[in-house]
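Each chain, letter by letter, is given below.
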Amino acid sequence: MEIKDNELLRQFEIETDKGLLSVEYSLQERKIFLTRLNNEQESTQISSNDFIKGILELVKQRKLRVVPTHPKIVSFFRKNPSYKEMLPPGIRI
């Protein structure tokens, strides 16, 4: 899975067999706000979760903290407590 960071549109993108899947983001200081999950076609939950995991690996390499604002991304953090260490101090989900 190759995730493209489109800095011009401020989104992570991946092309799937069902269309383009993207997550919009906003950078502030040492935090990245994951603001929107876009599906051109309704994709399976498994591919969305794998895509979010790939994004979090990229963010981890850049040593940024993650602030999820989209409900599907927040629910991903609730279901996967191992990623909660990437949240900034004071953010509880």
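Bear in mind the structure is a predicted one, so any value in this text is a computation, not a measurement.

1. Here's the deal with the sheet that holds strand S5 (residues 65-68)
1) Next: The strand order across the open sheet built from five strands is S1-S2-S3-S4-S5, with neighbouring strands paired in mixed fashion. Each having just a single partner strand, strand S1 (4-6) and S5 make up the two edges of the open sheet. Here the average twist between neighbouring strands, direction ignored, is 30 degrees.
2) Next: Pairing geometry for strand S4 (residues 31-39) and S5, over four bridges, is parallel. Across the sheet, Ile 32 pairs through a bridge with Val 66, a residue of S5.
3) Next: Along the sheet, helix H2 (residues 71-79) contacts strand S3 (19-28), S4 and S5; its crossing angle with S5, the most-contacted strand, is approximately 120 degrees.

2. Concerning the side chain of Gln 11
1) Next: Tracing the backbone shows Gln 11 in strand S2 (residues 11-16).
2) Next: Here the side chain of Gln 11 touches Glu 13 through a polar contact of 2.6 Å, side chain to side chain.
3) Next: Contacts of Gln 11, omitting those with residues within four sequence positions, involve Lys 4, Asp 5, Asn 6, Ser 22, Val 23, Glu 24, Tyr 25 and Asn 38.

3. A few points about the pairing of S2
1) Next: Judged from the three bridges that link them, S1 and S2 form a sheet pairing that is antiparallel. Residue pairing in the sheet places Asn 6 in a bridge with Gln 11 of S2.
2) Next: Relative to S3, S2 is paired through six bridges, and the arrangement is antiparallel. Within S3, the position partnered with Glu 15 by the bridge is Leu 20.
3) Next: Counted along the chain from S2 to the antiparallel partner S3, the turn is two residues long.

The rules behind the values
- Residues numbered from 1 in each chain as written.
- Predicted model: local features only at pLDDT ≥ 70, side-chain atom pairs only at ≥ 80, totals over all residues.
- Heavy atoms only, no water.
- Pairing = 2+ DSSP bridges.
- Helix = DSSP H or I, 4+ residues; strand = E, 2+ residues; numbered from the N terminus.
- Axes fitted to C-alpha atoms, helices over the stretch in contact; angles between N-to-C directions.
- Contact = heavy atoms within 4.5 Å.
- Polar contact = N/O pair within 3.5 Å; in protein donor to acceptor, adjacent residues only side chain to side chain.

Worth remembering: the numbers are spatial, not functional.
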